[in-house]
There are 2 protein chains.
Amino acid sequence: MSSKKYVYLFEEGNSDMRMLLGGKGANLAEMTRIGLPVPPGFTITTEACNAYLASGEKFPEGMLEEVFAALSKLETRTGKKFSQRENPLLVSVRSGAAISMPGMMDTILNLGLNDETVKGLADLTGDDRFAYDCYRRFIQMFSDVVLGIEHATFDDLIERYKRKLSLIFDYEIPAEELMNIINDYKNIVREEKGFDFPQDVKEQLSMAIQAVFSSWNNQRAIVYRRLNKIDDSLGTAVNIQCMAFGNMGENCGTGVAFTRNPSTGDKELYGEFLINAQGEDVVAGIRTPTPISRLKDELPQVYQQFVDTCIKLENHYRDMQDIEFTVEKGTLYMLQTRNGKRTARASVKIAVDMVNEGIISKEEALLRVDAEQINQLLHRQIDTSIDLEPIATGLPASPGAACGKVIFDADQAEKLGEAGQKVILVRNETTPDDIHGIVYAQGVLTSRGGMTSHAAVVARGMGKPCVSGCESIKIDLVGRQFTVNDVVVKEGDIITIDGATGRVLLGEVAMIEPTLSDEFETLLGWANQVKKLEIRANADAPGDAAKALEFGAEGIGLCRTEHMFMATERLPIVQEMILSDSLEAREKALARLLPFQREDFHGILKVMAPNPVTIRLLDPPLHEFLPNHDALLLEIAELKHQKADQRIILEKEELLKKVNSLAESNPMLGHRGCRLGVTYPEIYRMQTRAIFEAMVKLKQENIETYVEVEIPLVMDLAELELLKAEINDVYQQVKGETGVELNFVIGTMIELPRACVTADKIANQADFFSFGTNDLTQTTLGFSRDDAEGKFIPIYLEKKIIKDNPFAVLDRNGVGVLMRLAVEKARSSKPGILMGICGEHGGEPSSIEFCHMIGLDYVSCSPYRIPIARLAAAQAALNNK
Amino acid sequence: MSSKKYVYLFEEGNSDMRMLLGGKGANLAEMTRIGLPVPPGFTITTEACNAYLASGEKFPEGMLEEVFAALSKLETRTGKKFSQRENPLLVSVRSGAAISMPGMMDTILNLGLNDETVKGLADLTGDDRFAYDCYRRFIQMFSDVVLGIEHATFDDLIERYKRKLSLIFDYEIPAEELMNIINDYKNIVREEKGFDFPQDVKEQLSMAIQAVFSSWNNQRAIVYRRLNKIDDSLGTAVNIQCMAFGNMGENCGTGVAFTRNPSTGDKELYGEFLINAQGEDVVAGIRTPTPISRLKDELPQVYQQFVDTCIKLENHYRDMQDIEFTVEKGTLYMLQTRNGKRTARASVKIAVDMVNEGIISKEEALLRVDAEQINQLLHRQIDTSIDLEPIATGLPASPGAACGKVIFDADQAEKLGEAGQKVILVRNETTPDDIHGIVYAQGVLTSRGGMTSHAAVVARGMGKPCVSGCESIKIDLVGRQFTVNDVVVKEGDIITIDGATGRVLLGEVAMIEPTLSDEFETLLGWANQVKKLEIRANADAPGDAAKALEFGAEGIGLCRTEHMFMATERLPIVQEMILSDSLEAREKALARLLPFQREDFHGILKVMAPNPVTIRLLDPPLHEFLPNHDALLLEIAELKHQKADQRIILEKEELLKKVNSLAESNPMLGHRGCRLGVTYPEIYRMQTRAIFEAMVKLKQENIETYVEVEIPLVMDLAELELLKAEINDVYQQVKGETGVELNFVIGTMIELPRACVTADKIANQADFFSFGTNDLTQTTLGFSRDDAEGKFIPIYLEKKIIKDNPFAVLDRNGVGVLMRLAVEKARSSKPGILMGICGEHGGEPSSIEFCHMIGLDYVSCSPYRIPIARLAAAQAALNNK
């Protein structure tokens, strides 16, 4: 009928077919192909999913026929039969997209059970309890995933039974009680859905496939894809596989393992397993599993077979693997393998180790590490030199330390986090429904679940600290508090968690700055050999400059001078200057600021010498230095009410008048940047003098400095010419006074569209260009960052009008077009002109790649992002050869 | 020595040499060439001036030698001798730039007089009084212009003499008293300058030339050039010419005349003369002269010769001429001719008349009229159907009516005018020092001076109403008031002046809308034959639309919908909508707004049918519709002080919270335009429904309409696609409800740089583009209009960083580059796409020319600028063939 093939037996596929079969399906096929013990099965393609979704949720023609044909082959292979009482064939149904989406999609085990086949399973295994437990699990899972019945409804029922029977664990429930539970389960289904739980196993299968397909568009999947920038049009495949049972007794079990430690990168088998359990018990974190090494004692033969399989898989895939397996009565079955997620630390170590082991090349190693992810390594850590008394210790599930208010639900965490508060999300266990809360939390603490639990995986993925399985904390959701022994921690109390050690601490704890591991240094050394871009830092103070140097900065690309105006002892002088009505008074105030600024520049230049330092002259509008308008307005009203001294009122009113006269409708587009230099040349003259005098002093101290004096917000050559003349005039004065010649150049920020389109003219008079992409993004898109990020960017992301926040990831199609134009124009009139970027995009990998592509000379970013920038620059060079 | 020729005798030049000889010099040469009676003379070139200014005020080598060589030739020609007691040669020294700059530069008459030559002049003429009056005038003029001594110092002295002698007019002062005055004048010079008044006539000449050269850079000249966009690098020439004396008795005189009426354009000799006077007496407006027609009675032969000369000049120059002449003892001398400045009304009439007279072509006529100037004709006039009682009547010196506060000095007029207040500048006479005040005044009223006085010429040039020579008003500068008979008008009182009739009226008077004269209609008819651009109007109401149609609009290019939200009965509903927290509540409020909007659209579409109407969906941020934040803040503080009802306070605080939550840091770049449509689709849906329902109603009334639904502030194709789908959905609903099919298209404003650089993509989904150059200018330059125009644009203009206010004249090198890019990109993906402009630039001639050059289809501007746009579009077509 249809010419398309929608179903592939595992034997028919391989690991290259991940777009069609999904990652899980392709890897199951690959493992089958290389002779590993995989229960037989087949995969329904992502094309079938897309056809299903595109046609308004109808299976494409011929698909179901293919499915049942493949099922027949499984029957032939196994000798079991689907829907037959004797020796029934049971299958698992799992989703599997081309790109791994942990926890996002749903799994159904034991499909094929009904009131008849369950008896056959009992007969076959001679284990009633096992058979009915499988059936019970199946009904619960199917009802949750396919029929959409809250799984808590079933959990509650089981809890009631256990209480009644005074039992602790599910597996202690005897068979006859399980039959009662199954009856109750079926009643729940009938009540909730108005129909009986389906007994026709083919109908079960068809409904399960539908549910997997539809789950591609559930809310959690959509959010995950948005967060991880996964294309919505990929679709998911469905894997249907014969069941292997980990829950048939003490020589059974199920587990997950990484071929190397995903947290540290150490070369050691790392994983957990549960005896007598089915897969979802491990992943969901409901029971805390035992380390994989214990398998060696309990099932030594299986353990050795598993170790060999791991080595085989790692060498085959040339990367660390994340493996799911089941042991059925002493026989090992591989259920999944994929490249394992890992922390940044592990990522760096594994990449460097694998180069040293001869498995991959240096270039591959550089491309293996996610540049954005290594941000984790640049987070602060708890100061280990201080003795701390933790109130509890859990599993070190995701490294880094975090501090914040204890919050018990994801909605609240999102709300506070969005409002700028630091929160730690504290849960018994997390589920995909909690993702939005994790996004906004500083870190996660769970009382249950292991190193591979949902919370741990998601937190590691996001680079957030996580302590999991911290069983000593008892959460009281009604009382909004948790207790550890006799310590009570209320919602809103501050705690610190240390994801590197698993410690939980009361209050805020001293942290230390990050340093680079040996492997990281090695990797960044390789990056330097490959990258074309120079990496500079945005730094306004000597301390920042020193940190930047330590991280490998090759200069300062942006030293802002306005922060220097804000210091307590200086602000009154700055305000005096602004409030002056005469040039003389302004110059007098500026003269008092001069020594401060000279000192600032002396400090930063000394640290960075002889590397270049780009110093930007004053940029923000003057009213930013004045008191708040609303407060002043209310203060005056209050003073009047109190019939205060008229002179004080008049003075305040005068101040308000000045604040009002400097206030702007759109300060971003107002009287700022070089416009201040044009209208108040004396301010730029003071700043320039401070720079030159600092350079003279350093030269007298035998320190050679190199300064790039930067004029912000230029929109026309004429501005630059005018201000350049002022700067050169000040230089001539200083040279005349001191007899010292200095090494400096004068250039401009390019941060307005008009500067981009007239870049050829501006370049004639500029020694360098520095793209200020924050402002350029604001003007090109007409987005005020302050307004847009809170008000409409979230909606724009949600409605997919934009793919990324343009203030985080450089907008290549808009801002990028203007940048490229400016680069071309500038080079056309001054071929060798130095060009860089100093917007926040300068530390973001995709933006750095774009800067490489258009041929900028350097990127400049915050000191803590320098290593990211080095790696991203190397990757850009490798990916754009 | 130098290879350059710096001096040209009048015989050596012609009218094509205006860049080198200045306008005055070139025309004196031309008049000499065609045989008119011009006193002999020569011109020092503009190149000499530029060389002088460039070298730090040194005469270029050889120049002075050339001057004295030319002077020798004049001596030979006239038989007189410079610096010789017997029959001394006297000359005038006048500046003359390439472009006429009335009143800006300075003139010196009677140069060559000293203590000796004055006696020779007395001997020669037998008229001591005449000779010493000439000498007195010369000292005064020279001291003012060359030595920089306040001329009031001399005036005061003369006034004291006249009081002492009980005389009224200067010319009544007897010779012996003039000698005393001369002595006193010389004493003033000695006291003020520390040296004697120069007796060496060559030194006089050299100093005078220097003064003319330097005056190119005096403040008034610079301001005039800035206002009139004249290049600073042109320089001025100097004309040195034998004196002809209009002050040698009753058969002498001096005058100025236009070959046609410069106010109405009527074909009649128009001018004034003064018997027994020198030139500056007429121009300065010190004495009120008599009409030129009176010359016919007094000196009939001279009059006839003058009339013949005027005809000859007009035919020669093919344009109306502005002529200066002197009659010396019955002999006519021509001192200057140039194309005459005229009112817009005269400009139009003269151009059309000259076509009818066969003097010029229609194309020339179109190019003769200054498109910007005809704005004057589109000003409101006093309603002539109402009987008004003027308090005084002066000369109708510049047409149009103006109303404002009486202000007596230019500084104050500037200050208030800049602050947005309407003022009438009232002066005895104006001088070039008053120009800045005239710029900011609505109109000018003077008690002295004629139709060609400084005030009249300048006001006509600026298109401002002026009543001059209103002698019945007595200005009391100390009391800050003027009186007419027994009426006292204090500074700050409101008056109305009618420049068309010369009437002065108390208070504000009813005005009527302008209509087009027959000649204007004719000219605009010719414009329509030539222009390529369609002209549309920006109109939000049926009345505006009707006016636009009357002026020749071919459609509406911008109908804003936000003004419709502001009406008193609607604003509370709009506020209710904004303050709603739920979609349901918002939709309820919107449903109540729907009938209003439908009615609005019905009205405007009905007027404009079947022409296209572009309706822009809601654009401004919602907080613009809410109460003022400061007022609310103070109100709450006050309510609390009064211990008002807690409920009311809470309510107000709730409102303030909402106002605060909607407030934005940079509203221009905030939550507005299509971003509102994306976040609150229900608003755009209501507006679209109102449009479609209005169209249905009109179709049912048999009126065919054509609407272009316009989406503002688009920065990406995705916004347009989303909103287009909403609009089409509403259309399907309305069509379903009514069964009526409508004629509409959907397009977008292009007003963000990103829209320009992605115009090819946006064009795929847009039926039309309308460039919103107000916003595009703001974002491209990073200039917030509200902030920039008050704060730094004036300084930018002064420092010549920009040539024009970019919000008035389209910035071709910045905004224009993006527009051209957008046009090219859009045509590349949709060749026939309709494109226009609806920013305020759409009514400004230079911007219209640019729109023509980049191939837009239409411009849209305010109804009152439609005729300007039609003419400018025709000129653009003619100038860019």
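Student: Hey, could you run me through the side chain of A:His602 in this one?
Tutor: All names here are of chain A. Residue placement: His602 occurs in helix H22 (residues 583–608). Its relative accessible area of 9% is what places His602 among the buried residues. With residues up to four places along the chain from it excluded, the contact list for His602 reads Ala694, Lys697, Leu698 and Glu701.

Student: Would you mind going over the packing of helix H34 (residues 845–853) of chain A against helix H35 (residues 866–879) of chain A with me for this structure?
Tutor: Helix-helix packing is described using two parameters, namely the angle between the two axes and the distance between the axes. Residue and element names in this part refer to chain A. Where H34 meets H35, the closest approach of the two axes is 8 Å, and the angle between their N-to-C directions is 50°. By the angle between their directions, the pair H34 and H35 is classed as oblique. Our pair here, H34 against H35, has a crossing hand that is right-handed. Here Pro845, Ile848, Glu849 and His852 of H34 lie close against H35, whose contacting residues are Ile868, Ala869, Ala872, Ala873, Ala876, Ala877 and Asn879. Classifying every residue of the contact of H34 with H35 gives eight nonpolar, two polar and one charged.

Student: Can you walk me through the packing of aromatic side chains in this structure?
Tutor: How two aromatic rings sit relative to each other is set out by the distance from centre to centre and by the angle between their planes. For the structure shown, the criterion picks out 38 aromatic pairs over all chains. Pairing B:Phe59 with B:Phe213 gives two aromatic rings, centres 6.1 Å apart and planes at 70°, and the pair type is edge-to-face. In this pair, B:Phe59 sits in the loop between helix H2 (46–54) and helix H3 (63–78) while B:Phe213 sits in helix H8 (residues 201–215), placing the two residues 154 residues apart along the sequence. Three or more aromatic residues joined by ring pairs make a cluster, and in this case those are A:Tyr52, A:Phe59 and A:Phe213. Above the ring of A:Tyr8, the side-chain terminus of A:Lys5 is found at 4.7 Å from the ring centroid. A cation over a ring is seen here: B:Arg225 above B:Trp216, with NZ or CZ 3.9 Å from the ring centre.

Student: Even after reading the chapter, I still don't get empty space enclosed by the protein, so can you show me in this structure?
Tutor: To find leftover empty space, one rolls a probe the size of a water molecule over the atoms. Residues and elements named next belong to chain B. Overall, the coordinates contain five cavities of 30 Å³ or more when judged by the stated rule. Considered as a void within the structure, the largest cavity measures approximately 80 Å³ in volume. What lines the largest cavity is a set of 13 residues, and nearest its centre among them are Arg94, Met243, Ala244, Thr326 and Leu335. Counted by class, the lining of the largest cavity contains six nonpolar, six polar and one charged residues.

Student: For this particular structure, what's the right way to read the sheet that holds strand E8 (residues 290–291) of chain B?
Tutor: Hydrogen bonds between backbone groups are what pair the strands of a sheet, and the pairing can be parallel or antiparallel. Residues and elements named next belong to chain B. Strand order in the open sheet made by the five strands is E8-E7-E6-E9-E10, with antiparallel pairing throughout. Looking at strand neighbours, the two that pair on one side only are E8 and strand E10 (331–339), the edges of this open sheet. In this sheet, E8 lies alongside strand E7 (residues 270–275) in antiparallel orientation, the contact comprising two bridges. Counterpart to Glu272 in the pairing with E8 is Pro291.

Student: Looking at this structure, I do not really get the interface of chain B and chain A. What am I missing?
Tutor: Where interface size is quoted, it is often the accessible area lost as the parts come together. Tallying the contact residues gives 54 residues for chain B and 54 residues for chain A. Buried surface at the junction of chain B and chain A, both sides included, amounts to about 4600 Å², of which 62% is carbon and sulfur. When the area that chain B buries against chain A is broken down by residue, the three leading residues are B:Asn666, B:Leu669 and B:Lys791, summing to 13%. For the interface between chain B and chain A, the tally reads two salt bridges. The tally of links from chain B across to chain A stands at 30 residue pairs in polar contact (both at pLDDT 80 or more).

Student: Hey, could you run me through the pattern of salt bridges in this one?
Tutor: Any two side chains of opposite charge can pair if their charged atoms end up close together. Residue and element names in this part refer to chain A. Taken as a whole, this structure holds 123 salt bridges over all chains when the rule is applied. When the shortest N-O distance is used, the salt bridge between Lys640 and Glu653 registers 2.9 Å. Taken together, the positions of Lys640 in helix H23 (residues 629–641) and Glu653 in helix H24 (residues 646–662) put the pair 13 residues apart, joining distant regions of the chain. When its relative accessible area of 27% is taken as the criterion, Glu653 is described as partly exposed.

Student: I keep staring at the relation of the copies chain B and chain A and nothing clicks. Help me out?
Tutor: Both copies of the chain are related through a single rotation about an axis accompanied by a shift along the same axis. The two copies are related by a screw operation: chain B maps onto chain A through 180° of rotation and 0.0 Å of translation along the axis, at an RMSD of 0.1 Å. The operation mapping one copy onto its partner corresponds to a two-fold rotation axis. No C-alpha of chain B lies nearer the rotation axis than that of B:Asn666, which sits 2.1 Å from it. The residues that chain B uses at the interface reappear at the interface of chain A in 100% of cases, marking a shared surface.

Student: Before we go on, may I ask you to explain a nonpolar patch on the surface in this structure?
Tutor: Residues and elements named next belong to chain A. Judged by side-chain polarity, Ile168, Phe169 and Tyr171 come together as a nonpolar surface patch covering roughly 300 Å² of accessible area. Along the chain, the position of Phe169 falls in the loop between helix H6 (151–165) and helix H7 (175–193). Its relative accessible area of 35% is what places Phe169 among the partly exposed residues.

Student: What is the right way to look at the sheet that holds strand E18 (residues 473–476) of chain B in this model?
Tutor: Residues and elements named next belong to chain B. Overall, antiparallel pairing links the three strands, which are arranged E18-E19-E20 in an open sheet. Both outer strands of the open sheet, E18 and strand E20 (487–490), are each paired with one neighbouring strand and no more. Neighbour-to-neighbour, the strand axes of the sheet open up by a mean angle of 20°, direction not taken into account. With four bridges connecting them, E18 and strand E19 (residues 481–484) associate as antiparallel partners. In the strand pairing of E19, Lys474 is matched with Thr483.

Student: Quick question: what am I supposed to make of unusual backbone geometry here?
Tutor: Residues other than glycine predominantly adopt negative phi, and peptide bonds predominantly adopt the trans conformation. Residue A:Pro610 follows A:Ala609 across a cis peptide bond; omega there is 0°. With respect to the secondary-structure elements, A:Pro610 resides in the loop between H22 and strand E26 (612–616). The phi angle at B:Asn702 is positive, at roughly 65°, despite the residue not being glycine. Within the secondary structure, B:Asn702 sits in the loop between helix H26 (681–700) and strand E27 (706–711).

Student: Mind showing me how you'd approach the packing of H2(B) against H8(B) here?
Tutor: All names here are of chain B. Interhelical geometry of H2 versus H8 gives an angle of 80° and a closest axis separation of 10 Å. Considering the angle they form, H2 stands roughly perpendicular to H8. Facing Ala48, Cys49, Tyr52 and Leu53 of H2, the residues of H8 in contact are Gln210, Phe213 and Ser214.

Student: Would you mind showing me how to read helix H13 (residues 344–356) of chain A here?
Tutor: Counting along an α-helix, one turn takes 3.6 residues, and residues three or four places apart therefore face a common direction. All names here are of chain A. With 13 residues, H13 should cover 18 Å at 1.5 Å per step; its first-to-last C-alpha distance of 18 Å lies within 8% of that length. In terms of burial, H13 is largely enclosed, as eleven of its 13 residues are buried. Residues of H13 that are buried include every one of Ala344, Ala346, Ser347, Val348, Lys349, Ile350, Ala351, Val352, Asp353, Met354 and Val355, and no others. Elements in contact with the buried residues of H13: helix H12 (300–317), helix H14 (362–368) and helix H18 (518–530). Just downstream of H13 lies Gly358, where phi reads positive at about 75°.

Student: Even after reading the chapter, I still don't get the environment of B:Asp498, so can you show me in this structure?
Tutor: All names here are of chain B. Along the chain, Asp498 falls in strand E21 (residues 494–498). On the accessibility criterion, Asp498 (3% relative accessible area) is buried. Separated by 199 residues in the primary sequence, Asp498 and Leu299 place their C-alpha atoms 34 Å from one another. What Asp498 contacts, discounting residues up to four positions off in sequence, is Ile382, Gly400, Ala401, Val467 and Arg503. A distance of 3.0 Å separates the side chain of Asp498 from the backbone nitrogen of Ala500, its partner in a polar contact.

Student: It is not clear to me how the pairing of strand E26 (residues 612–616) of chain B should be interpreted in this structure. Could you clarify?
Tutor: A regular strand places its side chains on the two faces of the sheet in alternate fashion. All names here are of chain B. Counting buried positions over the five residues of E26 gives five, a clear majority of the element. Of the two faces of E26, both are covered, the one formed by Pro612, Thr614 and Arg616 as well as the one formed by Val613 and Ile615. Alignment of strand E25 (residues 556–559) against E26, held across two bridges, turns out to be parallel. The partner of Ile556 across the bridge, within E26, is Val613. Both E26 and E27 contribute to a ladder of five bridges, which runs parallel.

The rules behind the values
- Residues numbered from 1 in each chain as written.
- Chains lettered and ligands numbered in written order.
- Predicted model: local features only at pLDDT ≥ 70, side-chain atom pairs only at ≥ 80, totals over all residues.
- Heavy atoms only, no water.
- Helix = DSSP H or I, 4+ residues; strand = E, 2+ residues; numbered from the N terminus.
- Buried < 20%, exposed > 50% of the residue type's maximum accessible area, 1.4 Å probe, protein only.
- Contact = heavy atoms within 4.5 Å.
- Axes fitted to C-alpha atoms, helices over the stretch in contact; angles between N-to-C directions.
- Parallel < 35°, antiparallel > 145°, perpendicular 65-115°, else oblique.
- Left-handed = near helix turned anticlockwise from the far one by under 90°.
- Nonpolar A, V, L, I, M, F, W, Y, C, P; charged D, E, K, R; others polar.
- Phe/Tyr/Trp six-rings, centres within 6.5 Å; stacked < 30°, edge-to-face > 60°.
- Lys NZ or Arg CZ within 6 Å of the ring centre and 35° of its normal.
- 1 Å grid on protein atoms, 1.4 Å probe; cavity = no way out; pocket = protein on both sides within 12 Å on 5 of 7 lines; lining within 4 Å.
- Points joined across faces, edges and corners; volume = space filled by probe spheres on them.
- Pairing = 2+ DSSP bridges.
- Buried area = accessible area lost by both parts, 1.4 Å probe.
- Salt bridge = Lys/Arg side-chain N within 4 Å of Asp/Glu carboxyl O.
- Polar contact = N/O pair within 3.5 Å; in protein donor to acceptor, adjacent residues only side chain to side chain.
- Least-squares fit on C-alpha atoms with pLDDT ≥ 70 in both.
- Patch = residues over 30% accessible without salt bridge, like charges linked within 9 Å, V, L, I, M, F, W, Y side chains within 5 Å.
- Areas by Shrake-Rupley, 256 points an atom, 1.4 Å probe, with all protein chains shown as cover.
- Expected span 1.5 Å × (residues − 1).

Note that every value here comes from positions in space, so none of it alone points to a role or purpose.
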